[in-house]
Amino acid sequence: MTDAPTKDSNGNILADGDSVTLIKDLKVKGSGGVTLKRGTLVKSIRLTDDTDEIEANVDKVRGLVLRTEFVRKA
């Protein structure tokens with residue numbers, strides 16, 4: 001594991017518990033056709049071992065893994 005910080009699409013450093021906003025509509029695979037709209041606020045993220053991914057819980061989707069290139073710090 002590297003010691004590089006996890007960064008959002010704008011280069012801001014993310015930490016556990018931060019809130020992020022989606023910058024693109026995302027279709028969630030395996031969720032029965034749920035689409036997360038651009039601008040959706042995602043609260044209380046969790047960092048993963050991969051600096052390009054974060055975990056989050058959104059309305060109907062629990063344990064969602066998001067790529068950091070699609071979020072910006074709120």
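Provided above is the structure to which this section pertains.
Residues numbered from 1 in each chain as written. Predicted model: local features only at pLDDT ≥ 70, side-chain atom pairs only at ≥ 80, totals over all residues. Heavy atoms only, no water.

1. Regarding unusual backbone geometry
In most cases, non-glycine residues show a negative phi, while peptide bonds are predominantly trans.
Inference 1: With a phi close to 55 degrees, Ser-44 is a non-glycine residue in the positive phi region.
Inference 2: Examined against the element boundaries, Ser-44 turns out to sit in the loop between β4 (41–42) and β5 (46–47). (Helix = DSSP H or I, 4+ residues; strand = E, 2+ residues; numbered from the N terminus.)

2. Some details on the pattern of salt bridges
Inference 1: The final tally for this structure, using the stated rule, is three salt bridges.
Inference 2: The residue Glu-55 makes a salt bridge to Arg-46 at a minimum N-O spacing of 3.5 Å.
Inference 3: For Arg-46, a relative accessible area of 32% gives the class partly exposed. (Salt bridge = Lys/Arg side-chain N within 4 Å of Asp/Glu carboxyl O. Buried < 20%, exposed > 50% of the residue type's maximum accessible area, 1.4 Å probe, protein only.)

3. Points about the environment of Gly-33
Inference 1: Along the polypeptide, Gly-33 turns up in the loop between β2 (26–27) and β3 (35–36).
Inference 2: For Gly-33, a relative accessible area of 66% translates into the label exposed.
Inference 3: Residues Gly-33 and Thr-68, spaced 35 residues apart in sequence, show a C-alpha to C-alpha distance of 22 Å.

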